[in-house]
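Coordinates in review
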Amino acid sequence: MRPRFGRLTRILAGVLLLAGVGGCYAGLNAGPQTTPRAADNGPILLVIGLVYLAAGIGLWIESLWGWRLGAGLAAFVVVMDLLLGVRDGGLIVSAGIFVLFAVSAVQGFLDRPAIP
């Protein structure tokens with residue numbers, strides 16, 4: 001499967017890059033944690049931010065691995081929100097991003113030349 005790389009994927013790349021910058025910023029500014037079992041929040045946020053940055057850069061350069069990583073991240077977030085019962089509105093945003101990935105996949109599927 002090859003998605004269509006165009007305006008839609010550029011928007012998705014921008015969203016992923018913004019999420020990556022936000023995750024890295026939060027991870028770097030987490031500071032010392034005094035809450036029990038929260039000492040590793042900073043490194044976890046930093047890793048999540050770096051993964052989102054990698055997906056955004058890969059999608060921006062129109063790489064198939066970047067598209068797959070971004071779609072996988074969006075699907076993972078949607079599934080985990082549903083499983084954990086998160087009710088903060090982030091599910092709507094994540095589901096919307098996942099739908100945009102699905103639309104780009106369908107567009108790429110329809111762009112394929114017919115094999116005689």
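Each remark here, short or long, concerns the structure printed above.
Let me sum up the structure you'll find in this document. Here the structure is a predicted model, which is why all the values come from computation and not from measurement.

**Remarks on the overall build of the protein chain**
Looking only at helices and strands, the protein chain has four helices and zero strands in total. Reading the helices (α) and strands (β) of the protein chain from amino to carboxyl end gives α-α-α-α. Reported as C-alpha extents along the three principal axes, the dimensions of the protein chain are approximately 65 × 30 × 20 Å. Residues counted as buried form 29% of the 116 residues belonging to the protein chain.

**A closer look at a nonpolar patch on the surface**
A contiguous nonpolar patch, built from Ile57, Trp60, Ile61 and Trp65 and spanning about 460 Å² of accessible area, is present on the exposed surface. Along the polypeptide, tryptophan 60 turns up in helix H2 (residues 41-60). Among the residues examined, tryptophan 60 registers a relative accessible area of 42% and is labelled partly exposed.

**As for the packing of aromatic side chains**
Scanning the model with the defined rule gives one aromatic pair in all. On the numbers, 5.8 Å between centres and 70° between planes, the contact of tryptophan 67 with phenylalanine 101 is edge-to-face. Taken as a pair, tryptophan 67 in helix H3 (residues 64-84) and phenylalanine 101 in helix H4 (residues 90-111) lie far apart in primary sequence, 34 residues in all. Its relative accessible area of 6% is what places tryptophan 67 among the buried residues. A relative accessible area of 2% means that phenylalanine 101 is categorised as buried.

**Some remarks on the nonpolar core**
Formed by 15 residues in total, the largest nonpolar core has its most connected members in Leu12, Leu16, Leu59, Trp67, Ile97 and Phe101. In this structure leucine 59 touches Phe5, Thr9, Leu12, Ala13, Leu16, Gly66, Trp67 and Phe101, once residues within four positions along its chain are discounted.

**A few points about the side chain of serine 94**
By the element assignment, serine 94 lies in helix H4. Setting aside residues up to four positions removed in sequence, serine 94 forms contacts with Val77, Val78 and Asp81.

**Some remarks on helix H1 (residues 7-28)**
Compared with an ideal rise of 1.5 Å per residue, which puts 22 residues at 32 Å, H1 spans 32 Å between its outermost C-alpha atoms and is within 8% of the ideal. Those residues of H1 lying buried are Leu8, Thr9, Leu12, Ala13, Leu16, Gly20, Gly23, Cys24 and Gly27. Taken end-on, H1 shows its buried residues confined to a sector of 135°, consistent with a single buried face. Exposed side chains of H1 directed beyond 90 degrees from the buried face belong to Arg7, Leu18 and Tyr25. Buried residues belonging to H1 abut H2, H3 and H4.

**Focus: unusual backbone geometry**
Notably, glutamate 62 is not glycine yet its phi reads approximately 60°, a positive angle. With respect to the element layout, glutamate 62 can be found in the loop between H2 and H3.

**A word on the environment of serine 94**
Of the residues examined, serine 94 reaches a relative accessible area of 15% and is grouped as buried. Taking the C-alpha atoms as reference, serine 94 lies 6.0 Å from alanine 74; in sequence the two are 20 residues apart.

Here is what the cut-offs are and how they apply
Residues numbered from 1 in each chain as written. Predicted model: local features only at pLDDT ≥ 70, side-chain atom pairs only at ≥ 80, totals over all residues. Heavy atoms only, no water. Helix = DSSP H or I, 4+ residues; strand = E, 2+ residues; numbered from the N terminus. Buried < 20%, exposed > 50% of the residue type's maximum accessible area, 1.4 Å probe, protein only. Patch = residues over 30% accessible without salt bridge, like charges linked within 9 Å, V, L, I, M, F, W, Y side chains within 5 Å. Areas by Shrake-Rupley, 256 points an atom, 1.4 Å probe, with all protein chains shown as cover. Salt bridge = Lys/Arg side-chain N within 4 Å of Asp/Glu carboxyl O. Phe/Tyr/Trp six-rings, centres within 6.5 Å; stacked < 30°, edge-to-face > 60°. Core = buried A, V, L, I, M, F, W, Y, C linked by side-chain atoms within 4.5 Å. Contact = heavy atoms within 4.5 Å. Expected span 1.5 Å × (residues − 1). Arc of directions from axis to C-beta.

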